[in-house]
Amino acid sequence: MTEITAPLATPLLDRHEALGARVVECAGWLMPIQYAGILEEHRAVRAAAGLFDLSHMGELVVEGPDA
């Protein structure tokens, strides 16, 4: 029997939702895929900057006596 698990959330999920992102499950994670629309987002990135949440793509491990 396959165990069904809830999708994981990145630390920024609440912020994405507060900004009106359309969120879908992707590879076990809840991810924002669109905010206002493709053309509007394209223009915003061309005029200013864009950001992609990478927090679901890996882990950072800090070890040692001064960690």
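Further up the page is the structure itself.
All values derive from a computational prediction rather than experimental measurement.

Rules behind the numbers
Residues numbered from 1 in each chain as written. Predicted model: local features only at pLDDT ≥ 70, side-chain atom pairs only at ≥ 80, totals over all residues. Heavy atoms only, no water. Helix = DSSP H or I, 4+ residues; strand = E, 2+ residues; numbered from the N terminus. Rg over C-alpha atoms; globule rule 2.2 N^0.38 Å. Pairing = 2+ DSSP bridges. Patch = residues over 30% accessible without salt bridge, like charges linked within 9 Å, V, L, I, M, F, W, Y side chains within 5 Å. Areas by Shrake-Rupley, 256 points an atom, 1.4 Å probe, with all protein chains shown as cover. Salt bridge = Lys/Arg side-chain N within 4 Å of Asp/Glu carboxyl O. Buried < 20%, exposed > 50% of the residue type's maximum accessible area, 1.4 Å probe, protein only.

1. Focus on the overall build of the chain
Point 1. Within the chain one finds 2 helices and 3 strands.
Point 2. If you list the helices and strands of the chain from N to C, you get β-α-β-β-α.
Point 3. Computed over its C-alpha atoms, the radius of gyration of the chain comes to 16 Å, more than 25% above the 11 Å expected for a compact globule of 67 residues.
Point 4. Dimensions of the chain along its principal axes, counting C-alpha atoms only, are 45 × 45 × 20 Å.

2. Re the pairing of strand E2 (residues 22–26)
Point 1. One ladder, built from 5 bridges, connects E2 with strand E3 (residues 29–34); its direction is antiparallel. Within E3, the residue paired with Val 23 across the bridge is Pro 32.
Point 2. Counting the residues that bridge the hairpin from E2 to E3 gives 2 residues, and of these Ala 27 lies at a positive phi of roughly 55°.

3. A look at the sheet that holds E3
Point 1. Taking strand neighbours across the sheet as the criterion, the 3 strands line up as E1-E3-E2 in an open arrangement whose pairing is mixed. If you trace the sheet from one side to the other, it starts and ends with strand E1 (8–9) and E2, each paired once.

4. Some thoughts on a nonpolar patch on the surface
Point 1. On the surface, a nonpolar cluster with roughly 360 Å² of combined accessible area is contributed by Phe 52, Leu 54 and Met 57.
Point 2. Structurally, Met 57 can be placed in the segment after helix H2 (38–47).
Point 3. Overall, the relative accessible area of 59% leaves Met 57 in the exposed class.

5. Describing unusual backbone geometry
If a residue is not glycine, its phi is most likely negative; likewise, a peptide bond is most likely trans.
Point 1. Phi at Ala 27 is positive, roughly 55°, even though this residue is not glycine.
Point 2. Along the chain, Ala 27 turns up in the loop between E2 and E3.

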